[in-house]
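Below are the chains, spelled out letter by letter.
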Amino acid sequence: MTARKLQLCQELNNIQQRDMSIGNYTLKIKELCDALRSINVNIDDNEMVQICLSGLTPRFDTIRSVVLARENPLSFFDLQSMVLVEENHVRTRIKVEEEDKVVEEEVDSVKADTTKSNPENTTTTTGKTFQTREAELLAKGGAIMPMLEYNINIYKRYYMY
């Protein structure tokens, strides 16, 4: 075995996603496989899929389980598409959770800053009246709407009536 072949095989068998994006991770696998093919080492699609699955981070455990449970083997290209979709889904979910946390903190600060006597004139930590901030938060929409409307309704019931 040549030194180059040994080095490429070792690198391919030890590849881990870690902090790489799925695009970079799968590209690195493909590049290593192409380099091995260029020196007459045959790496088939199933091996590429197994290598990719074994190096994914734990957040892709569900996809790993689904792929391994399939009766028909998945191509490397199809696997790449699946994990790219999941990566985008995870990024979106994390972004929404961060936005929800910010809104929840703002609603909590509004609750803490309000007085029973005159909530219309109460200002939030941003210096805006409750009604102004309520309209801004409601305009954000998305995943935060149900939680925000619920909190605002509780606030109104408790402080305004």
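Conventions we followed
- Residues numbered from 1 in each chain as written.
- Predicted model: local features only at pLDDT ≥ 70, side-chain atom pairs only at ≥ 80, totals over all residues.
- Heavy atoms only, no water.
- Buried < 20%, exposed > 50% of the residue type's maximum accessible area, 1.4 Å probe, protein only.
- Helix = DSSP H or I, 4+ residues; strand = E, 2+ residues; numbered from the N terminus.
- Arc of directions from axis to C-beta.
- Axes fitted to C-alpha atoms, helices over the stretch in contact; angles between N-to-C directions.
- Parallel < 35°, antiparallel > 145°, perpendicular 65-115°, else oblique.
- Left-handed = near helix turned anticlockwise from the far one by under 90°.
- Contact = heavy atoms within 4.5 Å.
- Nonpolar A, V, L, I, M, F, W, Y, C, P; charged D, E, K, R; others polar.
- Core = buried A, V, L, I, M, F, W, Y, C linked by side-chain atoms within 4.5 Å.
- Expected span 1.5 Å × (residues − 1).

(A) Geometry of helix α4 (residues 61-69). All of the buried residues along α4 are Ile63, Arg64 and Val67. Seen along its axis, α4 keeps its buried residues to an arc of 105°; they face one direction. Among the exposed residues of α4, those pointing more than 90 degrees away from its buried face are Thr62 and Ala69.

(B) How the structure looks around the packing of helix α1 (residues 3-14) against helix α2 (residues 22-38). Contact geometry of α1 with α2 gives a least axis separation of 10 Å together with a crossing angle of 155°. As far as their axial angle goes, α2 and α1 are roughly antiparallel. The handedness of the crossing between α1 and α2 is left-handed. Only Lys28, Ile29, Leu32, Cys33, Ala35 and Leu36 of α2 make contact with α1, whose side of the interface consists of Arg4, Lys5, Leu8, Cys9, Glu11 and Leu12. Class assignment of the residues belonging to the contact of α1 with α2 gives a composition of eight nonpolar, no polar and four charged.

(C) Local environment of the nonpolar core. Formed by 26 residues in total, the largest nonpolar core has its most connected members in Leu12, Ile29, Leu56 and Leu79. Counting only elements with at least two residues in this core, the list comes to α1, α2, α3 (45-55), α4 and α5 (76-113). The biggest single contributor to this core is α2, with seven residues. If sequence neighbours within four positions are ignored, leucine 79 has contacts with Val49, Cys52, Leu53, Ile63, Val67 and Leu74.

(D) Structural view of α2. In this model α2 runs 24 Å from its N-terminal to its C-terminal C-alpha over 17 residues, within 8% of the 24 Å that 1.5 Å per residue would give. Of the residues making up α2, those classed as buried are Ile22, Tyr25, Thr26, Ile29, Leu32, Cys33, Ala35 and Leu36. In the stretch just after α2, asparagine 40 is the one whose phi turns positive, near 65°.

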